[in-house]
Protein chains: 2
Amino acid sequence: MKVHEFLDGLASPSPTPGGGGASALLCSMGAALVSMVCHLTIGKKGYEESEPELKKILEEAEILRKKAEELIDKDTNAFNEVMASYKTPKDKPQRADMIQAALKNATATPLEVAGLGVRVMELSKIIAFRGNINSVSDAGVAMLAADAGVRGALLNIRINLKSVEDEAFKGKMLTEIHELEEKSNGLREEVSGTVSFKLAN
Amino acid sequence: MKVHEFLDGLASPSPTPGGGGASALLCSMGAALVSMVCHLTIGKKGYEESEPELKKILEEAEILRKKAEELIDKDTNAFNEVMASYKTPKDKPQRADMIQAALKNATATPLEVAGLGVRVMELSKIIAFRGNINSVSDAGVAMLAADAGVRGALLNIRINLKSVEDEAFKGKMLTEIHELEEKSNGLREEVSGTVSFKLAN
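For chain A, the name recorded in an unreviewed UniProt entry is Formiminotetrahydrofolate cyclodeaminase, with Fermentimicrarchaeum limneticum as its organism.

See below:
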């Protein structure tokens, strides 16, 4: 799918791709920018010491980037299952259980996206420190895109949780959401601080 | 360009597309999600009162989305001019002036991206309030993507400003950056608050 087609699809009256798929794409963009900064640092004079670490980060970022791309489609499928469950005839006795199962299932992909995005933010923190100073703004954008992806994914978990009736499941997920929020808050501040410092000096 | 090709390009050793183009794409994604929420609200029962306003927002969001897409390429061109100016032979007397002109010019596109992104955030605030409650998470992701685009664009202004010698120009741009930061901070909090409230109730 072409970029402008994806944007057309996002803007269209169809609910997919929507905020869930967009969140996965945001994380993929963050990972891609981490890779770019690694490429623009490895082999450059003055960065010899960081090279072994950056090579490992590049490898991990490429895996995360492709994984996040896969999650765009996975999110669409989970959403379609929720829609399908609501369209089950109202007199079918399993209907309520089917809806509950689909809703719970639809929280799994955004949870994966959010966890992946936090990892991209951790990588962006290292490259903001150790990457080519001429690309420090790109390290910052990597963090920002991944952060938006994490937050967006957490909103998608919460909108599905809203109709989940299993209180134990809800409680467990809300704890996970809270932890991921805390982590992304901390990373956002740390990376912003490093990038701002390097841009001012 | 296909989505995975864009991501490949972002991740590649070439500095374009980089954080600047990504920031424009982030704003375009935000605008696209604003449009989607408008589509998913207009004509739906219970939202009759909001319809005239949402139709106007949809129209504006579509203009912003396409404008932001154009700015992806415009950013690449401005960056390439900076690179070209640095490659001017060192004995050419105009070299320093050419570099300074290219750097100043390269702040214009991200400034446009940031202003556009703030407007997308303003639209996301209205649709978070008035849009279909079932799409409130999408309104949230619209704000998050645009916010990341604004912040990313501001980093791209700052990295170019770093080498600008005209102190009056720098001062003027830093004031603009500060104002856009304040605006996006405020909108981020407001939209997050509205979305969180609606997700919890």
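> Before we move on, could you go through the relation of the copies chain A and chain B and cite the residues and values that matter?
The two copies are related by a screw motion: chain A maps onto chain B through a turn of 180° and a shift of 0.0 Å along the axis, at an RMSD of 0.0 Å. Expressed as a symmetry operation, the mapping of one chain copy onto the other fits a two-fold axis. For chain A, the residue whose C-alpha comes nearest the rotation axis is Lys2 of chain A, separated from it by 1.7 Å. Counting the interface residues of chain A, we find that 100% of their copies in chain B are interface residues as well, pointing to one common contact surface.

> Go over the side chain of Lys170 of chain B with me, naming the residues and quoting the values.
Residue and element names in this part refer to chain B. Secondary-structure assignment places Lys170 in helix H6 (residues 167-200). Lacking a salt bridge, the buried Lys170 has Glu167 as its closest oppositely charged neighbour, with an N-O distance of 4.1 Å. Polar side-chain contacts of Lys170 include one of 3.1 Å to the backbone oxygen of Val164. Beyond its immediate sequence surroundings of up to four residues, Lys170 is in contact with Leu161, Lys162 and Val164.

> I'd love a proper account of the UniProt feature "domain: Cyclodeaminase/cyclohydrolase" (unreviewed entry) in chain A, names of residues and values included.
Residues annotated by UniProt as "domain: Cyclodeaminase/cyclohydrolase" (unreviewed entry) correspond here to residues 3-178 of chain A. Secondary structure across residues 3-178 of chain A divides into 78% helix and 0% strand, with the first and last C-alpha atoms of the span separated by 33 Å.

> Can you break down the pattern of salt bridges residue by residue, with the values?
Taken as a whole and judged by the stated rule, the model has 30 salt bridges over all chains. A salt bridge links Arg65 of chain B to Asp8 of chain A; the shortest N-O distance between them is 2.9 Å. A residue pair is termed interchain when its members come from two chains, as with Arg65 of chain B in helix H3 (residues 51-86) and Asp8 of chain A in helix H1 (residues 3-11). With a relative accessible area of 3%, Arg65 of chain B lands in the buried category. Residue Lys125 of chain B pairs with Glu190 of chain B through a salt bridge whose shortest N-O separation is 2.9 Å. Placement of the pair is Lys125 of chain B in helix H4 (residues 95-130) and Glu190 of chain B in helix H6, with a sequence separation of 65 residues. We classify Lys125 of chain B as partly exposed; its relative accessible area is 26%. Among the residues examined, Glu190 of chain B registers a relative accessible area of 38% and is labelled partly exposed. Each of Asp147, Arg151 and Arg188 of chain A together with Asp147, Arg151 and Arg188 of chain B takes part in one network of salt bridges that share partners.

> Go over the interface of chain A and chain B, please, and point to the residues and values.
Facing 55 residues of chain A, the contacting portion of chain B comprises 55 residues. For the pairing of chain A and chain B, the buried interface totals around 4,400 Å² over both sides, and the portion due to carbon and sulfur atoms is 70%. Counting across the interface, chain A meets chain B through four salt bridges. On the surface where chain A and chain B come into contact, there are twelve residue pairs in polar contact (both at pLDDT 80 or more). Where the side of chain A that touches chain B is concerned, the elements lending two or more residues are H1, helix H2 (19-39), helix H3 (51-86), helix H6 (136-161) and helix H7 (167-200) of chain A. It is H6 of chain A that contributes the most residues to the side of chain A that touches chain B, 15 residues altogether. Along the lines of polarity and charge, the residues of the side of chain A that touches chain B split into 27 nonpolar, 16 polar and twelve charged.

> Before we move on, could you go through the environment of Gly193 of chain B and cite the residues and values that matter?
Secondary-structure assignment places Gly193 of chain B in helix H6. As for Gly193 of chain B and Gly117 of chain B, which are separated by 76 residues in sequence, their C-alpha atoms are 19 Å apart.

> Any chance you could break down the environment of Ile42 of chain A for me, citing the residues and the numbers?
Residues and elements named next belong to chain A. Within the secondary structure, Ile42 is located in the loop between H2 and H3. Under the relative-accessibility criterion, Ile42 is labelled partly exposed at 22%. Once residues lying within four places of it in the same chain are set aside, the contact partners of Ile42 are Glu51, Leu54, Lys55 and Leu58.

Rules used in this analysis
- Residues numbered from 1 in each chain as written.
- Chains lettered and ligands numbered in written order.
- Predicted model: local features only at pLDDT ≥ 70, side-chain atom pairs only at ≥ 80, totals over all residues.
- Heavy atoms only, no water.
- Least-squares fit on C-alpha atoms with pLDDT ≥ 70 in both.
- Contact = heavy atoms within 4.5 Å.
- Helix = DSSP H or I, 4+ residues; strand = E, 2+ residues; numbered from the N terminus.
- Buried < 20%, exposed > 50% of the residue type's maximum accessible area, 1.4 Å probe, protein only.
- Lys, Arg positive; Asp, Glu negative; His and termini not counted.
- Salt bridge = Lys/Arg side-chain N within 4 Å of Asp/Glu carboxyl O.
- Polar contact = N/O pair within 3.5 Å; in protein donor to acceptor, adjacent residues only side chain to side chain.
- UniProt positions renumbered as here; feature names shortened; annotations may be inferred.
- Buried area = accessible area lost by both parts, 1.4 Å probe.
- Nonpolar A, V, L, I, M, F, W, Y, C, P; charged D, E, K, R; others polar.

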